[in-house]
Amino acid sequence: MAYDRTAMLKLLRPAMTRILTPLGRALVGRGIGPNAVTAVGTLGTVVSALLFFPLGQLTWGALVITVFVLFDLLDGVVARLGGKGGTTWGAFLDSTLDRVADAAIFAGLILYFISRDDTLMASVTLVCLIAGALVSYAKARAEGLGLTADVGLAERPERLVVALVAACFSGLGVPYILAAGMWLLAAASVITVGQRVVAVHRQARQVERGER
């Protein structure tokens, strides 16, 4: 997959997996499966985002959410150590709940901006939410048609890193960083949607020419 070759966070995944392996082994020993880990991670992310961010607790929110986001790696570790590997249901559940978690994070930031009467930044963050969902949908729809859509500037890990780092430092008093992060994400996400549309269009035309 193109994403495996190009994602900025690829080098971090093996290191994080090694760090999470002892915890994963402990969970497996207690009979806790990967789907439960996925559900807990999503629930924790949703509650944290909608609790901390609207109250202006950006740093605490970002830190707590980061812990729960790591469950996205932990569920894979648990699946591997449990000897079951990934299942079709587990893959579907993980992808679906990822969308829920992402929506909660950006919804929390939208509520934060609304509470401060910053309509412009609330709108920009809404673009981040919608475009991010379209990035994921474009890939899923392409794969459902037997095509691929792995290209683009802003995959899910990059979007989460930018949003959470910007929120964390904004809470520490760094000026303009949250606004800059949201503008950057909005632009990168929209561009990514465009890149995926173009990529799928090219593949579809190639398939159609081949059929003729």
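Conventions we followed
- Residues numbered from 1 in each chain as written.
- Predicted model: local features only at pLDDT ≥ 70, side-chain atom pairs only at ≥ 80, totals over all residues.
- Heavy atoms only, no water.
- Phe/Tyr/Trp six-rings, centres within 6.5 Å; stacked < 30°, edge-to-face > 60°.
- Helix = DSSP H or I, 4+ residues; strand = E, 2+ residues; numbered from the N terminus.
- Expected span 1.5 Å × (residues − 1).
- Buried < 20%, exposed > 50% of the residue type's maximum accessible area, 1.4 Å probe, protein only.
- Salt bridge = Lys/Arg side-chain N within 4 Å of Asp/Glu carboxyl O.
- Polar contact = N/O pair within 3.5 Å; in protein donor to acceptor, adjacent residues only side chain to side chain.

Enquirer: Can you walk me through the packing of aromatic side chains in this structure?
Expert: Given two aromatic rings, their pairing is described by the distance between the two centres and the angle made by the two planes. Using the criterion set out here, one finds 3 aromatic pairs in the structure. Pairing Phe-68 with Phe-71 gives two aromatic rings, centres 5.7 Å apart and planes at 40°, and the pair type is tilted.

Enquirer: Would you take a moment to explain helix H3 (residues 34-52) for this structure?
Expert: Each turn of an α-helix holds 3.6 residues, which means side chains three or four residues apart point in the same direction. The end-to-end C-alpha separation of H3 is 27 Å, in line with the 27 Å expected for 19 residues at 1.5 Å each. Every buried residue belonging to H3 is among Val-37, Thr-38, Gly-41, Thr-42, Gly-44, Thr-45, Val-46, Ser-48 and Ala-49, and all of these are buried.

Enquirer: Teacher, can you tell me more about the pattern of salt bridges here?
Expert: This model, assessed by the stated rule, comprises 7 salt bridges. Measuring nitrogen to oxygen at the nearest pair gives 3.9 Å for the salt bridge that ties Asp-102 to Arg-99. Placement of the pair is Asp-102 and Arg-99 together in helix H6 (residues 88-115), with a separation of 3 residues, close to one helical turn. In this structure Arg-99 comes out as partly exposed when scored by relative accessible area, which is 29%. Between Glu-155 and Arg-196 there is a salt bridge, with the nearest N and O atoms lying 2.7 Å from each other. Of the two residues, Glu-155 sits in the loop between helix H7 (119-144) and helix H8 (156-171) while Arg-196 sits in helix H9 (residues 177-211), which places them 41 residues apart along the sequence. The structure contains a network of salt bridges with shared partners spanning Asp-72, Asp-98, Arg-99, Asp-102, Arg-156 and Arg-159.

Enquirer: Just checking my understanding: could you explain the environment of Ser-136 for this structure?
Expert: When you line up the elements, Ser-136 lands in helix H7. Residue classification places Ser-136 among the buried residues on the basis of a relative accessible area of 16%. Taking the C-alpha atoms as reference, Ser-136 lies 29 Å from Leu-23; in sequence the two are 113 residues apart. Engagement of the side chain of Ser-136 in a polar contact is seen with the side chain of Arg-99, the distance being 3.3 Å.

Enquirer: Quick question: what am I supposed to make of unusual backbone geometry here?
Expert: Backbone geometry follows two general trends: most residues other than glycine have a negative phi, and most peptide bonds adopt the trans configuration. Of note in the backbone geometry, Asp-117 takes a positive phi value of approximately 55° without being a glycine. Residue position: Asp-117 is located in the loop between H6 and H7. Overall, the relative accessible area of 71% leaves Asp-117 in the exposed class. Phi at Tyr-176 is positive, roughly 65°, even though this residue is not glycine. Along the chain, Tyr-176 turns up in the loop between H8 and H9. The class for Tyr-176 is exposed, based on a relative accessible area of 72%.

Take it as geometry only, folks, not as evidence of what the structure does.
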